[in-house]
Amino acid sequence: MSTAVAGKGLEGIVAANSGICYIDGDTGVLAYRGIDIHELAENSTFEETTYLLWNGILPNEFALREFQQQLALARVLDQRIIDLLKSFPTSATPMEVLRTTVSALSFYDADEKDNSHDANVRKAYNLTAQIAMIVAIYDRIRKGKEIIPPDRTLSHAANFLWMLNGVKPSETATRTLDMALVLHADHELNASTFAARVIAATLSDIHSAITGAIGALKGPLHGGANEGVMRLLLNIDKAGADPVDYVKNMLQAKQKIMGFGHRVYKTEDPRATHLRRMSEQLGKDSGTPKWYDMSRAIELYIKEDKKLNANVDFYSASTYQTLGIDIDLYTPIFALSRISGWAAHVIEQLDDNRLIRPRAEYIGPEYPSPWVPLEERP
């Protein structure tokens, strides 16, 4: 057995074979099942992209229509789950609520103990629909608003906005969110996906794997960076400051600017390319371009001064803000997209499973170290 020492954080280590996502960090390439993310962002919907991730091919017209219908039919939550959402303390964050509620979903899924391929696909439909519903319903509950029932005639993105806001979304808002969901759908063995695969490899259930993934996504070093970006923009706006001067002062104080650099990409994150355009266009259409303008000024300065590129989180912040989405919903929205990739990886792991059990390089006291009697210890 090889015991080669991994870099800190497993950097550069290949930990699994996968046919789902291809990344070339040196040239800025991201592809799902071999199809470039730029093509998918410009031409596909979230439903079509999810079908691709789960099945390995793009659907024909009939298959896509059937997939859309199945996903829409899965927009059902047991009343006991809704009661659970109503019982959470007002101090609970949406990510905490999502993590706990997804775990509870397993109680009411008839396939919960069935780890076969077909059963996991059925559960993937349910989880994809239900996670979006949980985020929207909880947001309305905590604001004292009436719960909006799902509309099965709407797309996944449009139905989420409908259940969140209680008004039918515009085509621009729907297309913007849909493209954001496509861009966030998968990203190879990121922290949350790797967590999901490790859990699935033990032959635990898919709900446990997705709960673990949500727990990993909750961490600010993974899914919460866009929240940090938006709070920065709000602070700059509140202070009436020049965004570049504000950031310069932060850097002089050794403070981190969120939304820049990436462990994998050595060039621009290809997802940031589309989110930048979306942020700019939304700002123009809504008459509130300031969030994009501030973001762009900061991006140009950081790129010139620190040689760092914006990542997917940087422009998703101003995009979601312009859509009127609360800051603490940014990461849950990440989850309602990434569930498509998580599910694809769990299914792939269980289709050809082997327990994931790496080794650790021991750096403790020299072996053998003596046992010292209690009375002789310093």
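Report follows, based on the coordinates. It should be emphasised that the depicted structure is a prediction, and the values quoted were computed from it without experimental measurement.

The sheet built from 3 strands is open, its strands ordered β1-β2-β3 with antiparallel pairing. A single partner strand is all that each edge strand has here, and the edge strands are β1 (21-24) and β3 (35-36). Where strand β2 (residues 29-32) meets β3, 2 bridges bridge the pair, whose relative direction is antiparallel. By the bridge assignment for β3, Tyr32 is matched with Ile35.

For β1 and β2, the ladder comprises 4 bridges, and the chain directions are antiparallel. Pairing of Tyr22 across the sheet is with Ala31, part of β2. Adjacent in sequence and paired antiparallel, β1 and β2 are bridged by 4 residues, among which Gly28 carries a positive phi angle near 75 degrees. The hairpin formed by β2 and β3 contains 2 residues between the paired strands, and Arg33 there has a positive phi angle of roughly 50 degrees.

Remark: the empty space left among the atoms is shown by a probe the size of a water molecule rolled over them. Evaluated as defined, the whole model comprises 1 cavity of 30 Å³ or more. As a volume, the largest cavity reaches approximately 40 Å³. Lining the largest cavity, in full, are Pro94, Val97, Leu98, Ile134, Val135, Tyr138, Leu329 and Pro332. Elements supplying a minimum of two residues to the lining of the largest cavity: α5 (94-105) and α6 (117-142). A class-by-class count of the residues in the lining of the largest cavity yields 8 nonpolar, no polar and no charged.

Another point: the side chain of Glu112. Note that Glu112 resides in the loop between α5 and α6. On the basis of relative accessibility, which here comes to 16%, the residue Glu112 falls in the buried class. Reaching out from Glu112, the side chain makes a polar contact with the side chain of Lys113 at a distance of 3.0 Å. Ignoring any residue separated from it by four or fewer positions in sequence, one finds Glu112 in contact with Ser106, Lys123 and Asp205.

Turning next to unusual backbone geometry. In the segment running from Tyr367 into Pro368, the intervening peptide bond is cis, with an omega of -5 degrees. Mapped onto the elements of the fold, Pro368 is located in the segment after α16 (330-351). Positive phi is not limited to glycine here, since Glu188 has a value of about 60 degrees. Mapped onto the elements, Glu188 comes out in the loop between α8 (171-184) and α9 (191-201). In this structure, Leu203 takes a positive phi of about 70 degrees despite not being glycine. The residue Leu203 is located in the loop between α9 and α10 (206-217) in this model. The class for Leu203 is exposed, based on a relative accessible area of 55%.

Moving on to the nonpolar core. Within the largest apolar cluster, 107 residues are counted, with the highest numbers of intra-cluster contacts made by Tyr32, Leu98, Val102, Phe160, Ile210 and Ile298. In contact with Val102, not counting residues within four places along its chain, are Leu127, Ile131, Ile134, His207, Ile210, Thr211 and Ile214.

Let's shift gears to helix α12 (residues 243-252). Along α12, the residues that are buried comprise Pro243, Val244, Val247 and Met250. The buried side chains of α12 occupy one side of the element, clustering within an arc of 120 degrees when seen end-on. One side-chain oxygen of the residue at the start of α12 lies 3.1 Å from the amide nitrogen of Val244, identifying that residue as Asp242. Just downstream of α12, Lys254 is the residue with a positive phi angle, here 65 degrees.

Criteria and thresholds
Residues numbered from 1 in each chain as written. Predicted model: local features only at pLDDT ≥ 70, side-chain atom pairs only at ≥ 80, totals over all residues. Heavy atoms only, no water. Pairing = 2+ DSSP bridges. Helix = DSSP H or I, 4+ residues; strand = E, 2+ residues; numbered from the N terminus. 1 Å grid on protein atoms, 1.4 Å probe; cavity = no way out; pocket = protein on both sides within 12 Å on 5 of 7 lines; lining within 4 Å. Points joined across faces, edges and corners; volume = space filled by probe spheres on them. Nonpolar A, V, L, I, M, F, W, Y, C, P; charged D, E, K, R; others polar. Buried < 20%, exposed > 50% of the residue type's maximum accessible area, 1.4 Å probe, protein only. Polar contact = N/O pair within 3.5 Å; in protein donor to acceptor, adjacent residues only side chain to side chain. Contact = heavy atoms within 4.5 Å. Core = buried A, V, L, I, M, F, W, Y, C linked by side-chain atoms within 4.5 Å. Arc of directions from axis to C-beta.

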